[in-house]
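As a plain string of letters, each chain reads:
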Amino acid sequence: MFNRLLSEIESLRTEYYNNYPLRNRELQEITNYKFVDLLHLLKNELYSKETFKPDQKIINKAEHISKNPIFVCGPMRSGTTLTIQLLDGHSNLLVMPGDSSFLKYVNSGERLSSDEIAYRSLYKFTFRLSGNWFFRKDKNTYIDFLGYLDFYLNNSDQDAVVCVMMAIYSVFSDIFRETCFWVAKYPNIEFQAVSLMKKFPNARFINVLRDPLTNLNSLKKNYHIRGKRFYSIGSSYNLQDN
């Protein structure tokens, strides 16, 4: 069942990227159902066997790393993705793949359910990473990730993005032996810098800037490919207010 679901998801992902950046709502709905099935399958196995036991040494190191984030900021299409790709692979860094959308919930007061966090994580790390299987198509890796994620969500007051990061570290602790910092990026997160600093006093920020006209032109092309209207004023910020 697990291998069949991954095979079906891989076919859907191939179709998605063959048409990217165009969006297909029917394909999206089918994909959502497949990930719900995958999550239920993995969680049922996790809870039925009751063999998952978190490693305290790994937990201690994950909590230490969680205090040292590096946030990559900047507008969409400014080069933030390239920046984290350049940072990825450094032995001292755990780089979160793709956009860390959970960052927008930090200090927001909004709490997502553990199933919602798990679903979004599986979707991001399995479907949205083109040509890359983050969990190696290994069922035990998926189950261990969900086990650690549930553990951190239920036994700490950390935000979702931190719990996801710690779960990733816990699963791949053999790879991240020298890790001291974790890196996350999300478009325009610089506008949350003050609140992020309150939450993470040791945080560091990399603010990516691109020539405004080139940046807007890139956004405009992306919108047009998707068949959407692009308004430069709506994609800009009132600097006086911010």
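Every chain begins its residue count from 1, and numbering advances along the sequence as written. Only residues with pLDDT of 70 or above have their local features reported here, since the model is predicted, and side-chain atom pairs are shown and tallied only from 80 upward, although totals for entire chains, interfaces and linings are computed over all residues. Heavy atoms throughout the structure, all of them, feed into the side-chain values; hydrogens and water do not.

**Digging into the packing of helix α5 (residues 114–126) against helix α6 (residues 139–155)**
Link 1 in the chain: Axis angles are defined between N-to-C directions and span 0 to 180 degrees, where every axis is a line fitted to C-alpha atoms and, for a helix, only to the segment in contact. Per the convention used, a helix needs a DSSP run of H or I reaching at least four residues, while a strand needs a run of E reaching at least two, with both numbered from the N terminus. With their axes 11 Å apart at the nearest point, α5 and α6 run at an angle of 140 degrees to one another. In this structure, α5 crosses over α6, and the sense of that crossing is right-handed. Here α5 contributes Ser114, Ile117, Ala118, Ser121, Leu122, Phe125 and Thr126 to the contact with α6, which in turn contributes Tyr142, Phe145, Leu146, Leu149, Asp150 and Leu153.
Link 2 in the chain: Put simply, Ala, Val, Leu, Ile, Met, Phe, Trp, Tyr, Cys and Pro go in the nonpolar bin, Asp, Glu, Lys and Arg in the charged bin, and everything else, Gly too, in the polar bin. For the contact of α5 with α6, the class distribution of residues is nine nonpolar, three polar and one charged. Two helices crossing with the near one rotated counterclockwise from the far one by less than a right angle form a left-handed crossing, whereas a clockwise rotation gives a right-handed crossing. Any pair of residues with heavy atoms lying within 4.5 Å of one another is described as a contacting pair.

**Considering the packing of aromatic side chains**
Link 1 in the chain: A pair of aromatic rings is counted whenever rings of Phe, Tyr or Trp (Trp by its six-membered ring) have centres within 6.5 Å, and the orientation is called stacked for planes under 30 degrees apart, edge-to-face for over 60 and tilted otherwise. Under the counting rule described, the total for this entry stands at 19 aromatic pairs.
Link 2 in the chain: Between Phe71 and Phe205, the ring centres sit 5.5 Å apart and the planes meet at 45 degrees, which makes this aromatic pair tilted. Note that Phe71 is positioned in strand β1 (residues 69–73) and Phe205 in strand β4 (residues 204–207), a separation of 134 residues in sequence.
Link 3 in the chain: Between the aromatic rings of Phe135 and Phe145, the centroid separation amounts to 4.9 Å while the plane-to-plane angle is 40 degrees, which identifies the pairing as tilted. Remark: Phe145 occurs in helix α6 and Phe135 occurs in the loop between α5 and α6; sequence separation between them is 10 residues.
Link 4 in the chain: Residue Phe145 is classed as buried on the basis of its relative accessible area of 0%.
Link 5 in the chain: One aromatic cluster is present, formed by Phe2, Phe125, Phe134, Phe135, Tyr142, Phe145 and Phe172 through successive ring pairs. Burial classes: relative accessible area under 20% of the type maximum marks a residue as buried, over 50% as exposed, and values in between as partly exposed (1.4 Å probe, protein chains only).

**Remarks on the sheet that holds β4**
Backbone hydrogen bonds hold the strands of a sheet together, and the pairing may be parallel or antiparallel.
Link 1 in the chain: Sheet architecture is open: four strands sit in the order β2-β3-β1-β4, paired in parallel fashion. The sheet is open, and its two borders are formed by β2 (93–95) and β4, each paired with just one other strand. Taking the axes of each pair of neighbouring strands and ignoring which way they run, one obtains an average angle of 25 degrees across the sheet.
Link 2 in the chain: In short, DSSP must find at least two bridges between two strands for them to pair. Bridge count between β2 and strand β3 (residues 181–185): three bridges; the pairing is parallel. Bridging from a neighbouring strand, Val95 pairs with Val183 of β3.

**Remarks on the pattern of salt bridges**
Side chains that differ in charge, positive against negative, can pair when their charged atoms come close.
Link 1 in the chain: Each reported salt bridge corresponds to a side-chain nitrogen of Lys or Arg within 4 Å of a carboxyl oxygen of Asp or Glu. This structure, assessed with the given rule, holds nine salt bridges.
Link 2 in the chain: Across the salt bridge formed by Lys139 and Glu45, the nearest N and O atoms sit 3.3 Å from each other. One end of the pair, Lys139, is in helix α6; the other, Glu45, is in helix α2 (residues 25–49), and 94 residues separate them in sequence.
Link 3 in the chain: By relative accessible area, which is 29% here, Lys139 ends up partly exposed.
Link 4 in the chain: Shared partners join several salt bridges into a network, and the residues in it are Arg4, Glu8 and Lys34.

This is a description of form; function is not addressed.
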